[in-house]
Amino acid sequence: MAADKDNTANISLIVDFRPRLRKLIEIEFVLDHLNFLDNDNKDLIRTKARKESNLKAVDLLIDTIIRIRPLPKGWFREFVDALSAGGCKHAATYVEDSPPCPALEAENDNCVRLIELLSPSLLGMKTTDVCWDCFSKGILTMEDREIVSTECQNRGNMGGARELLRRIVRFPPGWFSTFLKALQVTEHKDLYKELTGESPGDNLIVIECWNYIGEGEGACKACSNEGQMCNEIRSAISFIRLPQVPHSVKFPEKLFPPKAVIVLRDYQMDVARPALEGKNIIICLPTGSGKTRVAVYITKEHLDSRRKEGRPGKVVVLVNKVPLVEQHYSTEFWKFLKNKYKVERVSGDSQLKISFTDIVQKNDIVICTAQLLENYLERAHSGDDDGIKLSDLSLIVIDECHHTQKGGVYNHIMIRYLKQKHKNAKLKKEQKDTVAIPQILGLTASPGVGGAKKIDKAEEHILRICANLDAYKIMTGNLGENKKEPHKRIATAEERKEDPFGDVLKGVMNAIHIHAELNPTCDLGTQNYEQWVVQKEQNAAKEENQKVRVCAEHLRQYNEALYLGKTIRMWDAFSFLDKYFDEELKKKVAPEDEEAIIKTDTERFLFTLFKDSKVKLQELAKLPQYENNSLAKLRTKILHEFTSREKARGIIFTKTRRSAIALAQWVQENSKFEEVGVKACHVIGGGGQSVVKPMTAAEQRDVLNKFQNAEINLLIATTVAEEGLDIAACNFVIRYELVTNEIAMIQARGRGRAEDSSYTLVAGEGSGVAERESVNEYREKMMSKAIDKVKKLDQEEYEKRIKEFQIQAIMEERVRTTKKKQKGMKKESPSKVKFSCRSCNKPVCSGEDVEIIENMHRVNVTPQFKELFIQRENTSLVKRLLDYETNGFIACKDCGQRWGSMMLYRGIECPCLHVKNFLVTYDEKRKNVNKWSELGIQLPAFDYAEHARSVAESSEDEESM
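Residues numbered from 1 in each chain as written. Predicted model: local features only at pLDDT ≥ 70, side-chain atom pairs only at ≥ 80, totals over all residues. Heavy atoms only, no water.

**Q** Pulling in residues and values, what's your account of the sheet that holds strand 26 (residues 925–927)?
**A** Through backbone hydrogen bonds, the strands of a sheet pair up, either in parallel or in antiparallel fashion. Within the open sheet, the four strands sit side by side as 17-16-25-26. Their pairing is antiparallel. The open sheet has two edge strands with one neighbour each: strand 17 (843–846) and strand 26. Each strand axis lies, on average, 30 degrees off the axis of its neighbour in the sheet, ignoring direction. (Pairing = 2+ DSSP bridges. Helix = DSSP H or I, 4+ residues; strand = E, 2+ residues; numbered from the N terminus. Axes fitted to C-alpha atoms, helices over the stretch in contact; angles between N-to-C directions.)

**Q** Explain the environment of Gly-900 residue by residue, including any values.
**A** Counting through the fold element by element, Gly-900 comes out in strand 23 (residues 898–905). Residue Gly-900 is classed as buried on the basis of its relative accessible area of 1%. When the C-alpha positions of Gly-900 and Leu-913 are compared, they lie 4.6 Å apart, and in sequence the two are 13 residues distant. Non-local contacts of Gly-900, meaning those with residues more than four positions away in its chain, are made with Phe-889, Ile-890, Cys-912, His-914 and Asn-917. (Buried < 20%, exposed > 50% of the residue type's maximum accessible area, 1.4 Å probe, protein only. Contact = heavy atoms within 4.5 Å.)

**Q** So, the sheet that holds strand 8 (residues 439–444): which residues are in play, and what are the values?
**A** Taking strand neighbours across the sheet as the criterion, the seven strands line up as 5-6-4-7-8-3-9 in an open arrangement whose pairing is parallel. Both outer strands of the open sheet, strand 5 (343–346) and strand 9 (473–476), are each paired with one neighbouring strand and no more. Within this sheet the neighbouring strands show an average axis-to-axis angle of 20 degrees, counted without direction. Relative to strand 9, strand 3 (residues 281–284) is paired through four bridges, and the arrangement is parallel. Bridging from a neighbouring strand, Ile-283 pairs with Met-475 of strand 9.

**Q** Report on the confidence of the model for the chain, specifying residues and quantitative values.
**A** In the predicted model, the chain carries a mean pLDDT of 80, and the fraction of residues at 70 or more is 82%. Mean pLDDT in the chain bottoms out at strand 1 (residues 205–207), which sits at 32, and peaks at strand 7 (residues 395–398), which reaches 96. Low pLDDT, under 50, characterises residues 200–258; the stretch is placed with 87 contacts to residues that sit more than four places away or in other chains. Note on residues 875–884: pLDDT is under 50 here. Beyond four places in sequence and across chains, it has 18 contacts. (pLDDT = per-residue confidence, 0-100.)

**Q** Please provide a residue-by-residue account of the packing of helix 4 (residues 39–51) against helix 5 (residues 54–67), values included.
**A** One way to put it is that helix 4 packs onto helix 5 with a least axis distance of 7 Å and a crossing angle of 155 degrees. Judged by the angle between their axes, helix 4 and helix 5 are roughly antiparallel. As helix 4 packs across helix 5, the resulting crossing turns out to be right-handed. Across the interface between the two elements, Asn-41, Leu-44, Ile-45, Lys-48 and Ala-49 of helix 4 pack against Asn-54, Lys-56, Ala-57, Leu-60, Leu-61, Thr-64 and Arg-67 of helix 5. Residue composition of the contact of helix 4 with helix 5, by class: six nonpolar, three polar and three charged. (Parallel < 35°, antiparallel > 145°, perpendicular 65-115°, else oblique. Left-handed = near helix turned anticlockwise from the far one by under 90°. Nonpolar A, V, L, I, M, F, W, Y, C, P; charged D, E, K, R; others polar.)

**Q** Account for the nonpolar core, naming residues and giving values.
**A** Core analysis: the biggest nonpolar cluster contains 76 residues, and Ile-638 and Leu-714 have the highest contact counts within it. It is helix 24 (residues 546–567) that contributes the most residues to this core, nine residues altogether. Apart from residues lying up to four places away in sequence, Ile-638 is in contact with Ile-652, Trp-666, Phe-673, Val-678, Leu-714 and Ile-734. (Core = buried A, V, L, I, M, F, W, Y, C linked by side-chain atoms within 4.5 Å.)

**Q** How would you explain empty space enclosed by the protein if you had to name every residue and give the values?
**A** By rolling a water-sized probe across the atoms, one finds the places where empty space is left. Evaluated as defined, the whole model comprises four cavities of 30 Å³ or more. Residue lining of the largest cavity: Glu-26, Phe-29, Gly-86, Gly-87, Thr-141, Asp-144, Arg-167, Arg-170 and Phe-171, and that is the complete set. Residues that form the lining of the largest cavity fall into these classes: two nonpolar, three polar and four charged. (1 Å grid on protein atoms, 1.4 Å probe; cavity = no way out; pocket = protein on both sides within 12 Å on 5 of 7 lines; lining within 4 Å. Points joined across faces, edges and corners; volume = space filled by probe spheres on them.)

**Q** Residues and numbers for the pairing of strand 23, please.
**A** Of all the eight residues making up strand 23, six are buried; the element is thus mostly covered by neighbouring parts of the structure. Two elements, strand 23 and strand 24 (residues 908–913), share six bridges in a ladder whose sense is antiparallel. Among the inter-strand pairings, Leu-904 is bridged to a residue of strand 24, identified as Glu-909. Taking the residues between adjacent antiparallel strands as the criterion, strand 23 and strand 24 are bridged by two residues, where Arg-906 takes a positive phi near 50 degrees.

**Q** Give me the lowdown on the pattern of salt bridges, citing residues and values where you can.
**A** Counted under the stated rule, the structure contains 50 salt bridges. Taking the shortest distance from any N to any O, the salt bridge between Arg-18 and Asp-63 comes out at 2.7 Å. Here Arg-18 is found in helix 2 (residues 18–24), whereas its partner Asp-63 is found in helix 5, with 45 residues between them in sequence. With a shortest N-O distance of 3.4 Å, Lys-789 and Glu-459 are connected by a salt bridge. With Lys-789 in helix 32 (residues 769–792) and Glu-459 in helix 21 (residues 455–468), this residue pair connects regions lying 330 residues apart in the sequence. Relative accessible area serves as the criterion here: at 39%, Lys-789 is assigned to the partly exposed category. A residue is classified by how much of its surface remains accessible, and Glu-459, at 7% relative accessible area, is buried. Through salt bridges that share partners, Glu-26, Asp-144, Glu-163, Arg-166, Arg-167 and Arg-170 make up one connected network. (Salt bridge = Lys/Arg side-chain N within 4 Å of Asp/Glu carboxyl O.)

The following block contains the structure:
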């Protein structure tokens, strides 16, 4: 009986610590030392490790131990010894019920996370040298060393480094400091510095405990070891940079500052109350009034209350932009909750290459992009084990929740929620068990009016957002003396009396109109003209009218130059056109040993037209008297801000990426700005839709960090910086020739968070910008009135209207889903699709020739296709992604039209097609297609093995010749 009790207790320990053991046990080595398992079970476990993963194999091992009856005498001692002998000593400490203290465990987890986060840099280490030093210091076993060495030989240095990192983190606490010493000994100063923030040999004082009292006395308050410092925490060192001090100097009793405390103002506590009672709410507070801080407080109280009740708590914070993930993590949630809860952040741009499901399971709070959660919710819905269910979460915080509308990813997530809520109501009536759904907390500064012109429609818009978020109430607060409103003014610039530069451009455009027999219906240089010319180009492509199609393409570039000349400098407009024509001419020059690319009469006409105008445009672009007056107004405003304030810091919002870059160059090249201390830089979006090279998330972070640290004091940004980003307190905001909607106006104005801040709209006379701003101000007032009307509704009436909108949303989603399924079922044969060159209409290939790689890249590797294109190097684009890389593009051999890029996929050259560069004939009808998803065809997956074999055979044939 005693043996049975011991077995039950020991198995219970293994089950309790299963999550830890899964990460710490290396199955192959441990199995060699387990004699109480028969060979059949061992073979099954080894097969699981080989075919699936080590994690799945550990699960099978634990399940097998639990299942065996009766267990042989001494099995537990043998299991512990096997873990130790197999290099899994840290796992053995858990099984023996002597895990590290909570403080040490958390510290060790942080070290593991740090290694995972910095693994891209660490993979560049001299693996063999580091491996031998780690082995000599005892954080790698002999088997580990041999496996790492084998990986280096078979898969190269990076493969070996990856294996080394995977193995050292399984050792007991203390491995991190030993690994740092190994890096120091093997002369990896850069990696050492990246991990510690300091260089080897710098004078560092090692702090082993959060509540250090003094040298050699007192207790470690984190783990209650009386009379001595916690030895384990001494191993899991944290480096704090302090000046050198003599031994005689005693440190103060509390060396570390007290942990961050969340203090809410009265208006913040008022809006939080319903959420603290577990209700779904929308918090609507102005930008800069602490919405996120309220969300942090609600999150803490939510997790605290669930912990007291003995219920699990799991919070996911959703954002709609990648930079916001890091911002919310570092400045809010991690800062205030790190001492009590595990906080992690992850996005599609993150370098944490572990399963999102694992991240959610291992942490209490996860900050992520909404699309990432939606992807994993869809996985679970499709039956994938690696998915996430809404029932796994207890609270979802939705930042910028006004985006919870039709078609948005927030709404996809909330539709799932609403469906389950209504299913639960039905289950409850049937007296069946319901499925848990999380609490919802929405945050916004401006829900907007959805284009409404009357108050009742604005009220309906607010109610729909409340319905989509299943909000019990929308909460607004009276900020009183805490309210910060920037001083607002509109600076109107007189229209230019003369614009000879623009007149030359319009003359060129009119010559093209005559040549192509086009009659524009709107003013040149406007957005309406842009839309008109795009439509002409698309129609001409379908009609195979190359004359009109090429002319329309050129007209679009001249129209962009006109806009730049009106809003930025004439020189920026000229440089843009000059670069465009230089690139177009390069397309018409064939690579060496290729036939010359033919120019059509229309192309010769267009090139000659620009050549004849180039000198005149260049001369005019240098004359300052013809610069636009809006730029002069902007110059005056910037100089005023930097001369009238002790420390000026501001943001200029502009319409396009190209104008943001051009404005930044204008400021940087102007000596007057330098004299008054202006340090400018641009920040633009990361999407790839624009022809202007986007900014990566890392580049955006770098610029914003420099702005926070005052290395930059003038930020010139597109709308990427309008919403959500917590940019350091600005004391002036300028919107330059830019007006969108009332939400964007409120968001942009809210960037001015400092005392005595200003908000200025710089607009050209007759541009309509000032008038649209007035409309937005009217809509803002309408929004406030609509919110007040919604708040005053009787709760029963409010809930009735909310329910109607929710049922409508669910029904609309069902219709969309049905249509999508029907569309998927109707996918036609690829043979029905033909592709021809968009420029010269030469037939290129059939849909049957196209294959798809990783459900993403459409490639044509047929020998026939290879004869139709030329390959050029694209020096501006060099990407290294997973198993493929691209650094060149492919173009039509006859006309030079770009068709796509050349990929190197696992050693095979694969021409990758960009569908927008082709004219698509579908069922004998010509179509303009911008995305592959618009084509209702099912393309076959790329057969790597087959193509690899063909490449190998052709190489052998060439060698034998």
